[in-house]
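# Observations on chain architecture
Spelled out from the first residue to the last, the chains are:
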Amino acid sequence: MNTNSGDQLKAAAETGDIDLLYTVIHHDPWILENIDSIPFVETPLHIAASLGHIRFAIEIMKLKPSLALKLNPQGFSPVHLAMQNDQKRMLFRFVCMNNDLVRIEGREGLTLLHFASQIGEVDFLAKFLFVCPKSIEDVTGKGETALHIAVKNEQYEALDLLVCFLRKSIVRGAKMIQYEILNWKDEDDNTIMHILAQRNFEPQVVKALGLLLKTRINLEAKNLENKTALDMAANVDIRNILLYAGAKSNSQITDDPTLAHKLRSNTTIRHKVTTFIFRIRSNILKEQRNTWLIVATLVATATYQSVLSPPGGIYQVSASDGNHLNNNITSSNSTIYTPTNAGKSVLSGQLFFPFLILNLISFFFSIIAIIFMIPRGIIGYLVATPVVCFAINYLFSLFTISPTVVNSLIVLIIVFSIFVAMWSELLLKIYDDLKPVIVKKLNR
């Protein structure tokens, strides 16, 4: 790249002259390629973005899209400069052309979302989150999220927008992302609640505290000084708000077991069962999962149908069965005699028993296979619930057609065992989730 071409290109960027741009390219076709080969350089796109020459900037991005990712010697990309110089229309055009530009990390790891949080530009924040929802997960070199930056710069309107976005997000894994971002720790291990607790007692601070306390924020998190948000409270009013919400000081909290302690702890039967199930699930390929799910569903359906229509059929009730009763018709109502074996299998108890055992084995292995194939999480439990109800219906039908009491007792025992085995893990998990809430309520 000769000096004359470089000066002309710079002049074209400063004036937004597209004709001059192509004149330079005509004389030096490799000029943009040569600029792109330099690790840190102020490109024509940097200049145009700073001055707001939208048409020129778009032309450069079409000719050489990679220049939009370049950092200048000060550590800023073209979109960072557009943000700093309040070139809103330029910035919106940039992120509409390439939404990944929202996540470009500049100096100290700052992204556009971090800049917008710092200056409290809620319109920018809304636009960036809309075109690139994953940008909420980006952290700076200091370990700060956009929420940290908003609180540290007292931009509470920006904080409100960010928290509301997390609560309304529907991206994959949104619930887990919300928990991680709200409880993220910066380089000093301070969460946003630690920082907010140090602010003066003002209406905006109270509103922000109320907003965060409605979320899944962890009030027992400790920073590098081993202090909780309650320990960091700057005044009595904020301290009282935190106390009412169930916050605790460092001395009141028992440290959680470390990862090393958890790995070295004794393995319980519950953990062995869970590990066994998870290992099976992790070894199932997607193609195998789909195939086996179809086969298991067909087997479960067929075995259920065989209970509704067992070999030899079931005893039926007919009108003639009422002849065993004399004068059963009165002026007010009529009664039809029902035999005690009505609805029972015509098979004898001895013949029905092997049918019962084989049918149960086929049905419940297929049901267990279906539950193994169902994905984990809330949706998994929602799908598993009708499957379990289907299994209970099956057992009820089997109990109803059983010709002997012994067979019926076997069915009842199996019903109870299956219910306990299938739902004990879920009930224990629900108890573990609710235990902190229950303890918090009791301590108030």
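What counts, and at which threshold
Residues numbered from 1 in each chain as written. Predicted model: local features only at pLDDT ≥ 70, side-chain atom pairs only at ≥ 80, totals over all residues. Heavy atoms only, no water. Phe/Tyr/Trp six-rings, centres within 6.5 Å; stacked < 30°, edge-to-face > 60°. Helix = DSSP H or I, 4+ residues; strand = E, 2+ residues; numbered from the N terminus. Buried < 20%, exposed > 50% of the residue type's maximum accessible area, 1.4 Å probe, protein only. Axes fitted to C-alpha atoms, helices over the stretch in contact; angles between N-to-C directions. Parallel < 35°, antiparallel > 145°, perpendicular 65-115°, else oblique. Left-handed = near helix turned anticlockwise from the far one by under 90°. Contact = heavy atoms within 4.5 Å. Nonpolar A, V, L, I, M, F, W, Y, C, P; charged D, E, K, R; others polar. 1 Å grid on protein atoms, 1.4 Å probe; cavity = no way out; pocket = protein on both sides within 12 Å on 5 of 7 lines; lining within 4 Å. Points joined across faces, edges and corners; volume = space filled by probe spheres on them. Core = buried A, V, L, I, M, F, W, Y, C linked by side-chain atoms within 4.5 Å. Polar contact = N/O pair within 3.5 Å; in protein donor to acceptor, adjacent residues only side chain to side chain. Patch = residues over 30% accessible without salt bridge, like charges linked within 9 Å, V, L, I, M, F, W, Y side chains within 5 Å. Areas by Shrake-Rupley, 256 points an atom, 1.4 Å probe, with all protein chains shown as cover. Salt bridge = Lys/Arg side-chain N within 4 Å of Asp/Glu carboxyl O.

Overall, the coordinates contain 10 aromatic pairs when judged by the stated rule. With a centroid separation of 6.2 Å and 40° between ring planes, the pair formed by Tyr304 and Tyr394 is classed as tilted. With a gap of 90 residues between them, Tyr304 in helix H18 (residues 286-308) and Tyr394 in helix H20 (residues 378-401) connect regions that are remote in the sequence. Aromatic pair Phe363 and Tyr394: ring centres 3.7 Å apart, planes at 10°, arrangement stacked. In this pair, Phe363 is assigned in helix H19 (residues 349-373) and Tyr394 in helix H20, connecting sequence segments 31 residues apart. Across this residue pair, the class does not change: Phe363 and Tyr394 are buried. Feature note: the residues Tyr304, Phe363, Phe364, Phe390 and Tyr394 constitute an aromatic cluster, connected by ring pairs.

A positive phi angle is found at Glu154, which is not glycine, with a value near 55°. The partly exposed category is assigned to Glu154, whose relative accessible area is 46%. Even without being glycine, Asp189 reaches a positive phi, approximately 65°. Looking at where Asp189 falls in the secondary structure, it is placed in the loop between helix H12 (174-182) and helix H13 (192-197).

Axis separation between helix H4 (residues 44-51) and helix H5 (residues 54-63) bottoms out at 9 Å; the angle between their running directions is 155°. With respect to each other, H4 and H5 are oriented roughly antiparallel. Our pair here, H4 against H5, has a crossing hand that is left-handed. Residues Pro44, Leu45 and Ala48 of H4 form the contact with H5, whose participating residues are Phe56, Ala57, Ile60 and Met61. Looking at the contact of H4 with H5, its residues break down into 7 nonpolar, no polar and no charged.

Its boundaries defined by the atoms lining it, the second largest pocket holds a volume of some 170 Å³. Lining the second largest pocket, in full, are Phe76, Arg107, Glu108, Leu110, Gln118, Thr140, Gly141, Lys142, Glu144, Ile149, Lys152 and Asn153.

Another point: the nonpolar core. Generally speaking, a soluble globular protein has its nonpolar side chains buried in company with each other. Counting residues in each nonpolar core, the largest one holds 82 residues, and the members touching the most others are Phe94, Phe128, Leu147 and Leu242. With 7 residues, the top contributor of residues to this core is helix H11 (residues 156-168). In contact with Phe128, other than residues within four places in its own chain, are Met83, Leu91, Val95, Val102, Leu112, Leu113, Ala116, Pro133 and Ser135. Counting 21 residues, the second-largest nonpolar core is a separate cluster that includes Phe355, Tyr394, Leu398 and Ile401.

A word on the side chain of Thr228. Note that Thr228 resides in the loop between helix H14 (203-213) and helix H15 (236-244). A polar contact of 2.7 Å, which involves the side chain of Thr228, links it to the backbone oxygen of Lys248. Beyond its immediate sequence surroundings of up to four residues, Thr228 is in contact with His194, Leu219, Glu220, Ala221, Lys222, Lys248, Ser249, Asn250 and Ile253.

So, about helix H8 (residues 112-119). Counting buried positions along H8 gives 6 out of 8 residues, so the element sits mostly inside the fold. Among the residues of H8, Leu112, Leu113, His114, Phe115, Ala116 and Ser117 are the ones counted as buried. Residues of H8 that are buried sit in contact with helix H6 (78-84), helix H7 (88-97), helix H9 (122-131), helix H10 (146-152) and H11. Following H8 by one or two positions, Gly120 has its phi on the positive side, about 75°.

One pass over the structure, following the stated rule, counts 1 cavity of 30 Å³ or more. Empty space within the largest cavity amounts to approximately 50 Å³. Lining the largest cavity, in full, are Pro133, Lys134, Ile136, Glu137, Phe165, Leu166, Ser169, Val171, Ala174, Ile177 and Gln178. Elements that contribute at least two residues to the lining of the largest cavity include exactly H11 and H12. If one sorts the elements of the lining of the largest cavity by residue count, H12 sits on top with 3 residues. In terms of residue class, the lining of the largest cavity is built from 7 nonpolar, 2 polar and 2 charged.

Together, Ile378, Ile379, Tyr381, Leu382 and Val383 give the surface a local cluster of nonpolar side chains, amounting to about 490 Å² of exposed area. Following the sequence through the fold, Leu382 ends up in helix H20. Among the residues examined, Leu382 registers a relative accessible area of 55% and is labelled exposed.

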